[in-house]
Amino acid sequence: MKDKKNTSKVLIIILILVIITLLGYIIYDKGIRKEEIKEEIKQEETTIRKINKQEEKILLNQITAYTTYLADSYPITENKPLENQEALYFAYQNLENKDIQFSENDLEKVLEKYFGKNHPYIHENINCFVGDGPLYEYDSTQKIYIYQDIHGHGGKPCYQPSVYLVDGKVTSNKKYKIKTHILYANGTGDTLAPSERYYTSIHKDYDDYILGPYDQEHQVTEEEYQSIKDQIPITTFTFEKDEDNNYGLKSVTIA
């Protein structure tokens, strides 16, 4: 009889210990662990690091491409987004193979690369910059762009930028903030002119150059850049990386 009582006491104690253990686990899982997970997520979301060399190369190449054709559209912000026509013209200029005809899919790949998978731009005629009709007419049925041979003039002016990284930060391995210095060679149309003068802005007067003039084509040296870098405005680009590893441009500001 005594053994039965002792056995019952032991079982009761074990049961109590099991209940206490379960309650402790529930409290930890439902409360403490959830808070720990939230804190881990919060820390991950606010993790900031410098861009690596591969990211630097990709982003500086993209910044050079944007600036070559879109410098006259800066700044780009939520309140002043890039217009659809500007985005389409930029994408057309960055096609691997420009021809009298190309597909919507070809153009879409460029838009995704430079503005992200979920970019806001839509397909429509690509109008000529002087306003004399479509440069490429969009056929929505066949999903192709067809060149319109009605333009008896040269192409839209473009810029010849030299881009220098000042600082590059990444938040959450997703959001990129890239600070740059940009020098602009003398502007030109579709026939490139020699880079004989360099400016800190596309809006500078012809004789208000910071480097030059040179007698022939001249590429800025590192020594020349270092000597004038404090006089160059900071142009900041922000990007968001999507699930397909596109670095979509979100904004451009100049300060």
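Use the structure listed above.
Note that the structure is predicted; figures quoted are calculated from it, not measured.

Student: Before we go on, may I ask you to explain the packing of aromatic side chains in this structure?
Tutor: When we look at a pair of aromatic rings, we describe it by the centre distance and by the angle of the planes. Per the stated rule, a full pass over the model turns up 17 aromatic pairs. Between Y66 and Y114, the aromatic rings sit 5.5 Å apart at their centres with planes inclined by 80 degrees, giving edge-to-face as the arrangement. Separated by 48 residues along the polypeptide, Y66 in helix α2 (residues 53–70) and Y114 in helix α4 (residues 104–115) bring together distant segments of the chain. Each member of the pair Y66 and Y114 is classed as buried. A network of ring pairs unites the aromatic residues Y89, Y92, F102, Y136, Y138, Y145 and Y147 as a single cluster.

Student: How should the packing of helix α3 (residues 84–93) against α4 be read in this particular structure?
Tutor: When two helices pack together, you describe them by how their axes are tilted relative to each other and by the distance separating the axes. The N-to-C vectors of α3 and α4 enclose an angle of 105 degrees; their axes lie 9 Å apart at closest approach. In terms of orientation, α3 and α4 fall into the roughly perpendicular class. Touching A87, L88, F90, A91 and Y92 of α3 are L107, V110, L111, Y114 and F115, all from α4. Broken down by class, the residue content of the contact of α3 with α4 amounts to ten nonpolar, no polar and no charged.

Student: Would you mind showing me how to read the pattern of salt bridges here?
Tutor: Where side chains of opposite charge bring their charged atoms close, a pairing between them can arise. Per the counting criterion, the structure on display carries ten salt bridges. The shortest N-O distance in the salt bridge between E56 and K53 comes to 3.7 Å. Pair noted here: E56 and K53 are both in helix α2, with a separation of three residues, about one helical turn. The exposure class of K53 is exposed, given its relative accessible area of 67%. The network of salt bridges with shared partners includes K50, D167 and K169.

Thresholds applied
- Residues numbered from 1 in each chain as written.
- Predicted model: local features only at pLDDT ≥ 70, side-chain atom pairs only at ≥ 80, totals over all residues.
- Heavy atoms only, no water.
- Phe/Tyr/Trp six-rings, centres within 6.5 Å; stacked < 30°, edge-to-face > 60°.
- Helix = DSSP H or I, 4+ residues; strand = E, 2+ residues; numbered from the N terminus.
- Buried < 20%, exposed > 50% of the residue type's maximum accessible area, 1.4 Å probe, protein only.
- Axes fitted to C-alpha atoms, helices over the stretch in contact; angles between N-to-C directions.
- Parallel < 35°, antiparallel > 145°, perpendicular 65-115°, else oblique.
- Contact = heavy atoms within 4.5 Å.
- Nonpolar A, V, L, I, M, F, W, Y, C, P; charged D, E, K, R; others polar.
- Salt bridge = Lys/Arg side-chain N within 4 Å of Asp/Glu carboxyl O.

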